[in-house]
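Residues per chain are reported as follows:
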Amino acid sequence: MAAEGTRAVVAGPDDTGARLDHVLARACPDLSRSQIQRLIHEGLVAIEGRRPPVKPGHRLDAGERITLSVPAPAPVAPAAEALPLTILYDDADLVVIDKPAGMVVHPAAG
């Protein structure tokens, strides 16, 4: 995610009737629209100081002030897991294991 902090956006005349998430995506190019939608759902976006329920599809009026709070990213570290693997060969330079089909070998979304 992008740099943490509070951002202020004022809807311009061209933003009248535009969706909140679209306007914020244009104003904050370092955030994806899905990140912005998540921040809206988490209550981190206020319009004219009003807190949720603000919706991503809220239609804006020119001059509305939007405040977006971007939290610090949560630290992510892969965790080791004890797995019952059969070691076929092991020396100082090489390890050969019998990995079952379908077993993930690196951190992934699933």
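Remember, predicted model here, so these are calculated numbers, not experimental data.

Enquirer: Whenever I open this one, the overall build of the protein confuses me. Can you help?
Expert: The number of helices and strands found in the protein is 2 helices and 5 strands. Helices and strands in the protein line up, N terminus first, as β-α-α-β-β-β-β. Taken over C-alpha atoms, the radius of gyration comes to 23 Å for the protein, far larger than the 13 Å a tight globule of 110 residues would show. Dimensions of the protein, computed from the C-alpha atoms along their principal axes, are close to 70 × 25 × 25 Å. The burial tally for the protein puts 26% of its 110 residues in the buried class. Taking contacts inside the protein between residues at least 6 apart in sequence as the whole, the part at least 24 apart equals 53%. Surface accessibility of the protein: about 7,600 Å² in total, with carbon and sulfur atoms responsible for 56%. Positive and negative charge centroids in the protein, built from 11 and 14 side chains respectively, lie 14 Å apart.

Enquirer: For this particular structure, what's the right way to read the nonpolar core?
Expert: It is characteristic of soluble globular proteins that their nonpolar side chains tend to be buried jointly. Core analysis: the largest hydrophobic core is formed by 18 residues, its most contacted members being L20, L24, L31, V45, L60, I66 and L68. Secondary-structure elements contributing two or more residues to this core are α1 (20–27), α2 (33–41), β2 (45–47) and β3 (65–70).

Enquirer: How should the layout of surface pockets be read in this particular structure?
Expert: Here the idea is plain: a probe the size of a water molecule rolls over the atoms and shows the empty space left. Empty space within the largest pocket amounts to approximately 290 Å³. Its residues placed into classes, the lining of the largest pocket shows 11 nonpolar, 1 polar and 2 charged.

Enquirer: Explain the sheet that holds β2 to me, please; I cannot follow it from the model alone.
Expert: With respect to topology, 3 strands assemble into an open sheet ordered β1-β3-β2, the strand pairing being antiparallel. Where the open sheet ends on each side, the last strands, each with one partner, are β1 (5–10) and β2. Shown here is a sheet whose adjacent strand axes are inclined to one another by a mean of 15°, direction ignored. Pairing of β1 with β3 involves 6 bridges; the strand directions are antiparallel. Bridged to V9 within β3 is I66.

Enquirer: Would you mind going over the pairing of strand β4 (residues 86–90) with me for this structure?
Expert: A regular strand places its side chains so that they alternate between the two faces of the sheet. Here β4 lies mainly on the outside; 0 of its 5 residues are buried. Here 4 bridges tie β4 to strand β5 (residues 95–98), and the two strands are oriented antiparallel to one another. Within the sheet, the bridge partner assigned to Y89 lies in β5 and is V96. The turn joining β4 and β5, which pair antiparallel and follow one another in sequence, is formed by 4 residues.

Enquirer: How should the pattern of salt bridges be read in this particular structure?
Expert: Side-chain pairs of opposite charge can arise whenever the charged atoms involved come near each other. With the rule as written, the count across this model stands at 5 salt bridges. Note that R26 is salt-bridged to D15, the shortest N-O span being 2.8 Å. Linking R26 in helix α1 with D15 in the loop between β1 and α1, this pair joins segments that are 11 residues apart in sequence. In this structure R26 comes out as exposed when scored by relative accessible area, which is 52%. Close ionic contact of D21 with R33 constitutes a salt bridge, the shortest N to O distance being 3.2 Å. On the criterion of sequence distance, the pair formed by D21 in helix α1 and R33 in helix α2 is long-range, its members being 12 residues apart.

What counts, and where the lines are drawn
Residues numbered from 1 in each chain as written. Predicted model: local features only at pLDDT ≥ 70, side-chain atom pairs only at ≥ 80, totals over all residues. Heavy atoms only, no water. Helix = DSSP H or I, 4+ residues; strand = E, 2+ residues; numbered from the N terminus. Rg over C-alpha atoms; globule rule 2.2 N^0.38 Å. Buried < 20%, exposed > 50% of the residue type's maximum accessible area, 1.4 Å probe, protein only. Contact = heavy atoms within 4.5 Å. Areas by Shrake-Rupley, 256 points an atom, 1.4 Å probe, with all protein chains shown as cover. Lys, Arg positive; Asp, Glu negative; His and termini not counted. Charge placed at Lys NZ, Arg CZ, Asp CG, Glu CD. Core = buried A, V, L, I, M, F, W, Y, C linked by side-chain atoms within 4.5 Å. 1 Å grid on protein atoms, 1.4 Å probe; cavity = no way out; pocket = protein on both sides within 12 Å on 5 of 7 lines; lining within 4 Å. Points joined across faces, edges and corners; volume = space filled by probe spheres on them. Nonpolar A, V, L, I, M, F, W, Y, C, P; charged D, E, K, R; others polar. Pairing = 2+ DSSP bridges. Axes fitted to C-alpha atoms, helices over the stretch in contact; angles between N-to-C directions. Salt bridge = Lys/Arg side-chain N within 4 Å of Asp/Glu carboxyl O.

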